[in-house]
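Reading the structure
Read off the chains here:
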Amino acid sequence: MRLTGKQTWVFQHKLFVNKTATVVGPKEAKGPLKETFDAHFDDMYCGAPSWELAERNLMEQAISRCLKKAELKEEDIDLFLAGDLLNQNATSNYTARMLNIPLLCMYGACSTSMETVAAACALIDGGFANKIIAATSSHYGAAEKQFRHPTNFGGQKPETATTTVTGAGAVLISKDESEIAITAATIGKVIDVGRKNPYDMGSAMAPAAADTIKQHFRDLNRTPSDYDLILTGDLSGVGSPKLKELLLEDGYDIRGNHSDCGLLIFHPAQRAFAGGSGCACSAVVTYGHIFQEMKKGNLKRVLMVATGALLSKTMIKLNESIPAIAHGVVFERQR
């Protein structure tokens with residue numbers, strides 16, 4: 001791996017997406033991408049007695065299915081990289097106690113999907129591991145209870161609010177050749193533009209996404225036209241237009257090849273407010289729908305930028321603003 005420019009890692013070895021697995025909740029399973037998920041649950045409890053334990057079931061299922069697809073056992077995996085939204089990465093830590101795999105637990109809010117992928121690639125490229133599983137998860141009920149108000153509180157939400165995706169995604173990464181390679185990653189900076197509304201994550205995250213994308217282009221001397229798709233994690237209906245405006249001000253026009261996972265995962269009729277969000281949003285859309293489109297040859301090079309609002313319920317009570325971050329990873333079709 002070499003550092004190119006200020007923030008971009010270019011991997012020296014060929015690194016590949018070997019297998020993925022996605023498991024979602026009932027609302028996601030009724031959305032436009034329903035056929036791209038590996039499994040779903042019919043109710044929000046996902047076979048568990050609480051929302052928090054439901055999220056754990058989602059992650060455990062995603063990892064189990066990923067290993068089964070790869071015809072591998074836990075002992076074949078060198079590292080498990082994971083993160084989630086539940087207090088102190090509880091889902092990841094409690095899932096890891098069931099696995100006989102060394103854990104590096106990471107937190108980047110909704111940017112965690114690409115944070116774990118980027119770190120996994122750096123570790124494999126540097127010779128510190130051969131096979132790594134990266135996973136992340138979120139749950140609507142657990143996240144709302146933690147960061148805003150419990151859903152049974154019955155509070156009305158503004159149209160700027162997003163709907164946390166109930167789901168989990170896992171990806172196996174190694175040097176074993178496959179159809180999708182991972183060639184570079186741009187690590188984002190924390191950007192805080194003073195937003196304080198926990199019901200408007202899109203406005204808080206859009207500047208961080210713009211900063212990472214601009215730096216990615218500068219570091220690699222690329223333009224938007226070098227990509228078939230520039231995908232963001234969960235800016236949704238509020239943040240996506242802001243992102244395009246911010247980049248256009250600096251001469252980067254992504255209006256023709258930009259999409260957002262939060263806008264792809266739900267039908268407008270599903271009343272998801274501004275769209276989807278949460279750690280699982282970018283993971284289940286990318287590991288399912290996007291990778292399937294790449295394997296079909298419809299997409300050849302994709303820049304996936306996962307965005308995260310580093311929201312703290314403690315800091316919000318102290319009238320602090322919401323920092324945000326975005327990490328970008330380049331996926332390229334090989335054949």
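All values reported here derive from a predicted model rather than from experimental measurement. (Residues numbered from 1 in each chain as written. Predicted model: local features only at pLDDT ≥ 70, side-chain atom pairs only at ≥ 80, totals over all residues. Heavy atoms only, no water.)

1. Description of the side chain of N89
To keep things clear, this is the line we draw: Every helix listed is a DSSP run of H or I at least four residues long, and every strand listed is a run of E at least two residues long, numbered separately from the N terminus. Exposure is judged per residue with a 1.4 Å probe applied to protein chains only, and the accessible area is read against the type maximum: over 50% gives exposed, under 20% gives buried, and values in between give partly exposed.
Within the secondary structure layout, N89 lies in the loop between β4 (79-84) and α3 (90-96). Residue N89 is classed as buried on the basis of its relative accessible area, which comes to 8%.

2. Description of the domain arrangement of the protein
Stated precisely, the cut-off is as follows: Note that the domain bounds reflect an automated or database-derived domain assignment. Contact definition: two residues touch when any of their heavy atoms are within 4.5 Å. When two components associate, each loses some accessible surface as probed by a 1.4 Å sphere; the sum of these losses over both components is called the buried area. Here, a salt bridge means any Lys or Arg side-chain nitrogen found within 4 Å of an Asp or Glu carboxyl oxygen. Polar contact is defined as a pair of N or O atoms within 3.5 Å, subject to the rule that within protein one atom must be able to donate a hydrogen and the other to accept it, and that residues adjacent in sequence are counted only when both atoms are side-chain atoms.
What the domain assignment reports for the protein is domain 1 (1-172) and domain 2 (178-331). Placing a centre on the C-alpha atoms of domain 1 and another on those of domain 2 gives a separation of 16 Å. Counting from both sides, the interface comprises 59 residues of domain 1 and, opposite them, 60 residues of domain 2. Here domain 1 meets domain 2 over a buried area of about 5200 Å², counting both sides, of which 64% is carbon and sulfur. Looking at the side of domain 1 facing domain 2, the largest losses of area belong to Q7, C110 and M114, adding up to 14% of the total buried there. Where domain 1 meets domain 2, there are 0 salt bridges. The interface formed by domain 1 and domain 2 includes 25 residue pairs in polar contact (both at pLDDT 80 or more). Secondary-structure elements contributing two or more residues to the side of domain 1 that touches domain 2 are β2 (8-24), α1 (26-29), α4 (112-125), β6 (132-138), α5 (140-147), β7 (163-164) and β8 (167-174).

3. A short note on the packing of helix α2 (residues 51-70) against α5
Applicable threshold: Axis geometry follows a simple rule: fit a line to the C-alpha atoms, using only the stretch in contact for helices, then measure angles between N-to-C directions, giving values from 0 to 180 degrees. By the definition adopted for this analysis, an angle is roughly parallel if under 35 degrees, roughly antiparallel if over 145, roughly perpendicular if from 65 to 115, and oblique otherwise. By definition, turning the near helix anticlockwise from the far helix through less than a right angle yields a left-handed crossing, and turning it clockwise yields a right-handed one.
Closest axis-to-axis distance for the α2/α5 pair is 8 Å, and the angle between their directions is 130 degrees. One way to sum up the angle between α2 and α5 is to call them oblique. Our pair here, α2 against α5, has a crossing hand that is left-handed. Residues W51, E52 and E55 of α2 form the contact with α5, whose participating residues are G141, A142 and K145.

4. Considering the environment of T164
Along the chain, the position of T164 falls in strand β7. Taking the relative accessible area as the measure of exposure, T164 reaches 2% and is therefore buried. For the pair T164 and A29, spaced 135 residues apart in the sequence, the C-alpha separation amounts to 14 Å.

5. With respect to α2
Under the convention used in this document: To estimate the expected span of a helix, count its residues, drop one, and scale the result by 1.5 Å.
Given a rise of 1.5 Å per residue, 20 residues ought to cover 28 Å, and the 29 Å separating the end C-alpha atoms of α2 matches this to within 8%. Every buried residue belonging to α2 is among W51, A54, E55, R56, L58, M59, A62, I63, C66 and L67, and all of these are buried. Buried-residue contacts for α2 involve β2, β4, α3, β6, α5 and β8. Backbone geometry just after α2 places E71 at a positive phi near 55 degrees.

6. Here we look at the pattern of salt bridges
For the coordinates displayed, the defined rule picks out 7 salt bridges. One salt bridge in this structure joins K69 and D38, with 2.8 Å as the shortest N-O distance. Of the two residues, K69 sits in helix α2 while D38 sits in the loop between α1 and β3 (39-40), which places them 31 residues apart along the sequence. The class for D38 is partly exposed, based on a relative accessible area of 32%. Residue E293 is joined to K296 by a salt bridge in which the shortest nitrogen-to-oxygen separation is 3.5 Å. Classification of E293 by relative accessible area gives buried; the value is 18%.

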